[in-house]
Structures are given as structure tokens and as C-alpha cells.
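Okay, here's what each chain looks like letter by letter:
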Amino acid sequence: MLHEILLSLSGHPSPLLTADHSSSSSILSPPEKALLSSIAHLSNLHCKLLAHTATIATSHPSSICQAVATAIKSTHLAKFQLKVLEVEDGILRKDAGTVGAYNIVPLTAIVGEFSGWTRRMEWFLEVVEFMMRGNCSGAMVIDRLCAAMQTGYVDVEEAALSLVRVSETAWLKQVSAWVLYGRLPSFGREDFFVQMVHGDVQEYHSKAELLPAFVTAPTASSLLFIGRSLNHIRVKGVSSANSPELDLLSSHLQQLSTLKFPINSANFSRVITSIRVSLSQTTLQKLLPLSKVVEILSLLREFFLLGRGEFAIALITEADDKIRSRWRRSDNIGFDKRDGLGNIVVKDGEVSAVLARTWAAMGSLQGQYEEEQDEDELLELARDLVQLSITKSSSTTPSKKPKPASTIVSTPFKNLLLSVPVALSLQIPSPLDLFLTPADVQIYSSVNAYLLSIHRAHLRLTDLWKITSLRRDHPAPPGPPYGSSTAGRNKVRTMRSRGKERSQAMRTVWATSSAAVFFLGETEAYLQGEVVQGTWVGFKKWLAGEPSRPNTSNGTVDDDNDDDDIWLQAAREPMPQSTSTYTHDPQTLADAHWRYLSALATSLLLTNSSFTDPLYHLLQQIDHLVALVYRVHSIWQSLDLEADEGVVDAFSDFHKEERDIKAQLVTVADRVKGGIEEIVKNLRDIDHEKEGWDSGFAELVLGEEGAYIPAKVGRVDRLLMKLDFGGWFDVGKKDVGDLGLGDDSDYEI
């Protein structure tokens, strides 16, 4: 029986312990059954642990889980096996601690020898079963083991500490390969927190769910940056035999070896930050100088954020010409050969041709001035890097799903330029991808489509005033002698009455168009002049080493305060600014650039769908209004030819079209007016809730010294002070209110 017990504890199932002893004919007494049940439970735990750890060590995709399972089997289960051998040795030697009188071995003594192992074996089984889950990762195991160290049981705490050392050592080996060489681990790559993005460009991103709890978000971004930089140096071939990053390998490895287990979050962050700074000061600062950073950011400011206005005008002009040419081409095609919108929708090659003609227009515009004959390097760089292409969009209408306030809304401003979703993109050159990511370029594309659509609507509305005959038409009498005759005077009266009637029909349209021009002009001035320019100036100052926010203290001391304490005067004086050099490493640049883009998107109200969705619908209605005005102008020209010259188009009923277009003009003008009113109302709500300018500046001012803090620009109340339409919104509603069909008190003046 003793042999059966010891063999079962060693991991060999025994029928003595697995048999059912609950029957009344059993030879075992109730105390013996209770003692054997505890031994059977321990034996069952040991058998399960042996089987599960062997499975995990050979087939689990995580190297950390394999290391933990191997440590449980080779260390803790081996200790348990040694304990079994120790008890067996004591029985064979007839040790007095185990063997009693007459060489009797009490069952209670054997059970007492293994009583301290039950809790540990149960905890080991919980850990192993946790690792056998399908979605278990190495980071989850590390966090669970670290949490188990807080238990009140000393034996479980010691076992957890030993497994924490093993798991963190395995994780640190993976991190070392990434931090020291820029290589992903050869085994367990799916379990590593850095994952490769499959696409045309080799890119990496960090998965927060695969990171242990002691790794903070800034430390994770530093880890990603270090590995990406080393991988970039190796893949792009910019490294040499005596490369500085290889000289720093021993020092970086020594810093990693100073970490103690369990890893402390502060110590780990300090080591990773030290490695990042040393790598940036030696290799990356030479690879990515300040001049290249300022050049690419200036390109993005000039061409994506519409800093260079002639580029936006040329692009809008070429896009409108392309759309008009497509419509003319579709009109010339026979009716039987038309295939719906297939002849009107712009193709991808034509979109690229629009940008090519835009560059040609920019070049011809540059050559008109003798003082600008020098080559524009920024324009040449933009010609090589900037692309215009059709984006694959699954939705063409504003999304109604709520999104977080920190993300840009999905209002499709990209559809307004060419009636298909097009966007400017930037091909990121080799060294600049250390701090500029494709996600940043997507934000620039969204901001560009947003600003360009507003500018386009503004230009199209102001172009209506170029139609002089539609704006003021007072025909002069014909020359004598016909002008002095009765027929001549009657003809002049007819033409003038016709012009007066048309002028009265267009009065509402011109009033609405004028208000819309005022609204778009003030909104564009606010977005471009205050938000974009103010944010860019602060960011550029930070790049040059100056504080991104102006110093509130002017440092001047009044002459009347000469009797004040000299220490108080010294305190009022500003601290001397040391002439700082360029010390921003690429990760600091990337973090600051992301804060810059976040503050820019928030200040531009691109994160607030209550503003962007009504604005998008307003821009659509403005396009509709402009198209109707041009159409009614062409109809009136045809009617004038028919009435004055006798030129009749037998295939068109211009009088019916005129009535239809006039009715549509009134309807669309009312929609434009309602859209402006809704936007102004929403702006008041945004200003009341302080969502338009306050939520984008949640960064702590008391952060790292020299960190970029976006300037607080673009308060919505400054825009609302300009958007004062008086009682224009109440026109046409007072009569409805008198009839009891509405209440004009809801509309503010």
C-alpha cells in the first residue's frame, strides 16, 4: 500500500486511490478514506500538471508560456518528486520521524509530509489551465503571476516570484532582440507586442494588449521607436562597418542587465529612455537633421493646410474644368450609347492628370514674376512627393454612429472636389518615416479635404458676381432713328420690364448668396488665420528651440516701484533663455507632432460631428444653388435669343424649365439659409459646452521639461462674434408665428 501511495504521488495513477471506497463492504475505515482522498487529490494534481506542462512546452505559440510551463515542470514538480523520494528514503531507513513502533508507518505521517504541497499544486494547476486558454498571451501570464505575488500565503508568493523571474526573463530576451538589433523574435512573434503591418511599406505598430502592466504607454512608444529606427538603419542600408549604433551595443546590453526581477516600472522606463536618448544623440540626429524635418513640415503646411493659396485655387480650377469636360463629353454621346454615370464619373488616371495640370499651372504662375525666377525647392519637392488619388470609401454619406471625441469624424468632405472620394497623400521619404507615419498623413488628408471644400464653395459663390448680365441688366435704347420710334421704345420697355422681373426673382438668391459668402469668408478666415496659422507658429517655435507658448510675464518693472525689495524685482524678471540647440530626438518629434495634429483637428472642429455634418450638407446645397444659377442664366439667354432674334430651339421648352428652376432656386436658397442658421446654432452650443477649443488641450503643463504644449488658439466665441446676421434668420418666420404655426422666439438675432 505504501508503494502504491508513493508511486501515485510520483505521477503514476494507482487503482488504490482511484477506486470507489464509498461502499459499506470497503476494507478501509472512514479516517483512512479521508486520508487517502487527500493523497488522491494531490496525485491527481501532479498527473494533470505533468500532462499540461508537457503540452504547453511543446505546442504553445507563446515562448513566455513555454518558459513558465518548463519552469513549473523542471523546478517545482522536480522538488515535489524529490520530496517523494525523501519520504521513501526515510521509510527505508526507518526514520523515527516517519516509522513508528513495530515498523509501522502511520498514514497520517505520510499525509502530513505532503500537506504543504496541496495549496501550491492547486495554484500551479490554475496557472497552467489559464495558459491553456486559446487567447492567453505572455503578457497576461506575467500580469497574473505578478498579481499572485500579493497573496497572503508565503509558499504561493515564493512560487509566484520564481515564475515571475522566469516569465520576465523570457519577455526581456524578446525585447532585447528588438531594442538592440531591431529584429522581431524568431519564435513567438505573434505573442510579441510589436507587429508588422502588411502592406506596400514595411511598418510596425504596437499592440497594447500584448504588453505587461509594468510597461507604460510612453515606454511602449519608446520601445517601438528604438526597434523601428534600428530596423530602418539595417534595411535601408545606411549603416556602415563602424556604425555608432553597433558601438553602443555593449553599453545598451549592460543597461538592460541592471534590471532586477520583478521588473519595476520606473526602472524599466529609465533604462529604455536612456537607450533611446543615446541612440538619438549618436546615429539618428545625423540621419534626421532639423532642416529635413522643417522642410517636410513646411511642405505639409503649404500644400495640405493651404498655406500656399495659389495651389488650392489651381487645384479647384482644374478639378472644375475636368468635371465640366466630362459633362460636355457625356452630352455629345448618342443616347443609345450612354451607360448611366459611367461617362461622368472621374477615373483614377484623370485624377492624377488633374494634379499634373495643377503643377503645370503653378509653374507657369511662378514664371510670370522676374523676382521669383529662382527655383522653388519646396514646390519641386511637393511635385515629387504629393499625390492625388481616389480613396476606397465604403460610405458616401456622413456617419451617424457616435465616435470618440479624440478622433476625426467621418464626414465625407473628400467627395466634394471631383464628386468621387479623392484625397491628397504624401509619399514619406526614407529618413522622415522615423517620425512621420501614414496615420499622420491621413489626418493631413482629412484636414486638407475639409479646408479645401470650404474654400471651393467660397470661390464658386464669389464667381456668381462675375455674371454681370444676371446681376444688373438695364438695357439701353437702340440708336436713332429706331430708338426714337414707337416700336423701339416699346422694345426697350419690354426688355426693361423683363429684366426687372428677373431681378426681383433673383433678389432672394442674391441675398442668400451674399450671406453665404460672408459666412464662408469669416469661417475660412477663422480656420486659416487663427487656428491653422496660430498652431503652426507655436509648433515651429518649439522646433527652433523656443517655448511653444508665449511667456505671460513681460519682465518689466515700473519706475514707481524703485523702492521695492530687490529680491521681489529679481523675481519679476524673466529667466534668461539659454541658446538651446536642436536636441529633439525623432520620438520626441513624433509625440509633439501628434499633439500638434490632435490640437489642430480639435480646434478646427473636425472632431465634432454636430458641426461637420451640417457644414457638409450646407456645402452640397451651395453647389446646388450655384448650378441652378448658371442654369437659369443659360435659360434666360436662350429665351432672349428666342424673343429678340427669333432663334427657336424646337427640342426644348425653356418656359417650363424657367418655372421649374425658379421654384428650385427658392427652395435651395431656403435650404442654404436654414443650413447657415443650424450651423450658427450648433456653434453656440459648442461654445457653451467648451467642446470646440477646450477639450483638445488636456496635456499636463507640468510635464517633461521642453515638451511641446499646443497653444490655445481658435476660440469659438471669436467666430460667433463675427457671424452676426442680425434679423436675417427671422425674415419669413414672423408671419408664420402670427398664424400660430411657429414661434420665432426660438431664433436668436
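Conventions and cut-offs
Residues numbered from 1 in each chain as written. Predicted model: local features only at pLDDT ≥ 70, side-chain atom pairs only at ≥ 80, totals over all residues. Heavy atoms only, no water. Helix = DSSP H or I, 4+ residues; strand = E, 2+ residues; numbered from the N terminus. Buried < 20%, exposed > 50% of the residue type's maximum accessible area, 1.4 Å probe, protein only. Contact = heavy atoms within 4.5 Å. Areas by Shrake-Rupley, 256 points an atom, 1.4 Å probe, with all protein chains shown as cover. Phe/Tyr/Trp six-rings, centres within 6.5 Å; stacked < 30°, edge-to-face > 60°. Lys NZ or Arg CZ within 6 Å of the ring centre and 35° of its normal. 1 Å grid on protein atoms, 1.4 Å probe; cavity = no way out; pocket = protein on both sides within 12 Å on 5 of 7 lines; lining within 4 Å. Points joined across faces, edges and corners; volume = space filled by probe spheres on them. Nonpolar A, V, L, I, M, F, W, Y, C, P; charged D, E, K, R; others polar. pLDDT = per-residue confidence, 0-100. Axes fitted to C-alpha atoms, helices over the stretch in contact; angles between N-to-C directions. Parallel < 35°, antiparallel > 145°, perpendicular 65-115°, else oblique. Left-handed = near helix turned anticlockwise from the far one by under 90°. Salt bridge = Lys/Arg side-chain N within 4 Å of Asp/Glu carboxyl O. Expected span 1.5 Å × (residues − 1). Polar contact = N/O pair within 3.5 Å; in protein donor to acceptor, adjacent residues only side chain to side chain.

### Section: the overall build of the protein chain
Helices and strands together make up the secondary structure of the protein chain, namely 25 helices and four strands. The 749 residues of the protein chain split such that 43% are buried. Contacts in the protein chain between residues far apart in sequence, at least 24 positions, make up 75% of those at least 6 positions apart. Working note: accessible area of the protein chain is about 39,300 Å², and carbon and sulfur atoms make up 54% of it.

### Observations concerning the packing of aromatic side chains
Two measures describe an aromatic ring pair: the distance that separates the ring centres and the angle between the ring planes. The final tally for this structure, using the stated rule, is 20 aromatic pairs. A ring pair is formed by F311 and W359, whose centres lie 5.3 Å apart and whose planes are at 25 degrees; its orientation type is stacked. Of this pair, F311 sits in helix α14 (residues 309–332) while W359 sits in helix α15 (residues 348–366), placing them 48 residues apart in sequence. One aromatic cluster is present, built from ring pairs that chain together W536, F539, W542, Y596 and Y708. The ring of W117 has R120 sitting right over it, with the charged end atom 4.1 Å from the ring centre. Geometry around F130 places R144 over its ring, the cationic atom sitting 4.8 Å from the centre.

### Details of empty space enclosed by the protein
The final tally for this structure, using the stated rule, is two cavities of 30 Å³ or more. Around the largest cavity, the lining is made up of 14 residues, and of these L417, V422, N448, A449 and L452 lie nearest the centre. Every element with two or more residues in the lining of the largest cavity is listed here: β4 (422–426) and α17 (438–463). Across the lining of the largest cavity, the residue classes break down as nine nonpolar, three polar and two charged.

### Side note on the confidence of the model for the protein chain
Any residue range with low pLDDT should be treated as having predicted coordinates unsuitable for detailed reading. Confidence in the prediction of the protein chain, expressed as mean pLDDT, is 79, and 76% of residues score 70 or more. For the protein chain, helix α25 (residues 734–738) is the element with the lowest average pLDDT, namely 46, and α17 is the one with the highest, namely 94. This stretch, residues 551–562, has a pLDDT under 50; its non-local contacts, to residues over four places away or in other chains, come to seven contacts. Below a pLDDT of 50 lies the segment residues 735–749, which in the model reaches 14 contacts outside its immediate sequence neighbourhood of four places, other chains included.

### Things to note about the packing of helix α6 (residues 118–131) against helix α7 (residues 138–148)
Where α6 meets α7, the axes come as close as 10 Å, and the angle between the chain directions of the two elements is 160 degrees. By the angle between their directions, the pair α6 and α7 is classed as roughly antiparallel. Between α6 and α7 the crossing geometry is right-handed. Within the contact between the two elements, α6 uses W123, E126, V127, F130 and M131 and α7 uses M140, V141, R144, L145 and A148. Tallied by class, the residues present in the contact of α6 with α7 amount to eight nonpolar, no polar and two charged.

### Topic: the environment of S250
Structurally, S250 is set in helix α11 (residues 249–257). Given a relative accessible area of 52%, S250 falls into the exposed group. Here the alpha-carbon distance between S250 and L180, two residues 70 residues apart in the chain, equals 9.3 Å.

### Some thoughts on the side chain of T512
With respect to the helices, strands and loops of the structure, T512 is situated in helix α19 (residues 486–543). Excluding anything up to four places from it in sequence, T512 contacts A669, V672, K673 and W728.

### So, the pattern of salt bridges
Inspection of every chain in the model, using the stated rule, returns 16 salt bridges. Among the ionic pairs, D155 bridges to R119, the shortest N-O distance being 3.2 Å. Pair noted here: D155 is in helix α8 (residues 154–181) and R119 is in helix α6, with a separation of 36 residues, a long-range link. The exposure class of D155 is buried, given its relative accessible area of 16%. Between R308 and E302 there is a salt bridge; the shortest N-O distance is 3.8 Å. Relative accessible area serves as the criterion here: at 23%, E302 is assigned to the partly exposed category. In this structure, a network of salt bridges that share partners links the residues D320, R456, R460 and D623.

### Things to note about α15
Over its 19 residues, α15 runs 28 Å from end to end, which matches the ideal 27 Å to within 8%, given 1.5 Å per residue. Every buried residue of α15 is listed here: E350, V351, V354, L355, T358, W359, M362 and Q366.

### Brief notes about helix α12 (residues 265–287)
The end-to-end C-alpha distance of α12, which contains 23 residues, comes to 31 Å, matching closely the 33 Å that a straight helix rising 1.5 Å per residue would cover. Taken as a whole, α12 has its buried residues at F268, S269, V271, I272, I275, R276, S278, L279, S280, T283, L284 and L287. The N-cap residue of α12 is N264: its side-chain oxygen and the backbone nitrogen of A266 are 2.9 Å apart.

### Here's the deal with unusual backbone geometry
For the bond from F261 to P262, the omega torsion is -5 degrees, close enough to zero to count as cis. Inspection of the secondary structure puts P262 in the loop between α11 and α12. Positive phi values are uncommon outside glycine, yet L306 reaches one of about 60 degrees. In this fold, L306 is placed in the loop between α13 (290–304) and α14. Backbone geometry places S419, a non-glycine residue, at a positive phi of 65 degrees. Following the sequence through the fold, S419 ends up in the loop between β3 (386–390) and β4. The exposure class of S419 is exposed, given its relative accessible area of 58%.

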